[in-house]
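As a plain string of letters, each chain reads:
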Amino acid sequence: MLQDAAATFGMLAAPVRLHILWLLGTGERDVGTLAAEVGQSVATVSHHLSKLKLAGLVRARRAGKHQIYLADNPHVIEIVQLTVAHHHDRRDVTSPRRRSQGA
């Protein structure tokens, strides 16, 4: 069980995969849309999506000629969203502007 959890965290260690999961946590997307949103090539995003799919974190459905990707593990999405929110909140607290306003 702990090895599986460590493997999941390893999958999340790549910033682009983390970004993809964070985006898919807000709704499904095709690979072209994801590529544009994460600022990577379609080939790079496809590669990361394949890894996420093998790990059981995303799945795809066909819509005409397109594959539409969606998050397949709500627990992992919640961890991703909480972690991103935590770091966003910390950045607000530790930013020089915020500190000078409180001084």
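Details of the structure are given in the entry above.
The rules behind each value
Residues numbered from 1 in each chain as written. Predicted model: local features only at pLDDT ≥ 70, side-chain atom pairs only at ≥ 80, totals over all residues. Heavy atoms only, no water. Core = buried A, V, L, I, M, F, W, Y, C linked by side-chain atoms within 4.5 Å. Buried < 20%, exposed > 50% of the residue type's maximum accessible area, 1.4 Å probe, protein only. Helix = DSSP H or I, 4+ residues; strand = E, 2+ residues; numbered from the N terminus. Contact = heavy atoms within 4.5 Å. Axes fitted to C-alpha atoms, helices over the stretch in contact; angles between N-to-C directions. Parallel < 35°, antiparallel > 145°, perpendicular 65-115°, else oblique. Nonpolar A, V, L, I, M, F, W, Y, C, P; charged D, E, K, R; others polar.

Peer 1: Before we go on, may I ask you to explain the nonpolar core in this structure?
Peer 2: I20, L21, L24, L34, V45, L49 and L52 are the most contacted members of the largest nonpolar core, which totals 20 residues. Take this core: its biggest share by element is 5 residues, from helix α2 (residues 15-24). Excluding residues that lie within four positions of it along the chain, V45 makes contacts with I20, V31, L34, A35, V38 and Q40.

Peer 1: Help me out: how do you make sense of the packing of α2 against helix α4 (residues 42-54) in this one?
Peer 2: Each pair of packed helices gets described by two things: the angle between the helix axes and the distance between those axes. One can describe the packing of α2 onto α4 by two numbers: an axis separation of 10 Å at closest approach and a directional angle of 75°. Relative to α4, α2 is oriented roughly perpendicular. In contact with V16, R17, I20, L21 and L24 of α2, α4 contributes V45, H48, L49, K51 and L52. Class assignment of the residues belonging to the contact of α2 with α4 gives a composition of 7 nonpolar, 1 polar and 2 charged.

Peer 1: What am I meant to see in the environment of Y69 here?
Peer 2: Examined against the element boundaries, Y69 turns out to sit in strand β3 (residues 66-71). Given the relative accessible area of 12%, Y69 is considered buried. Taking the C-alpha atoms as reference points, Y69 and L49, 20 residues apart in sequence, are found 8.3 Å from one another. Not counting chain neighbours up to four residues away, the residues in contact with Y69 comprise L24, E28, R29, V31, L34, L49, R59 and A60.

As far as function goes, none of this settles anything; it's purely spatial.
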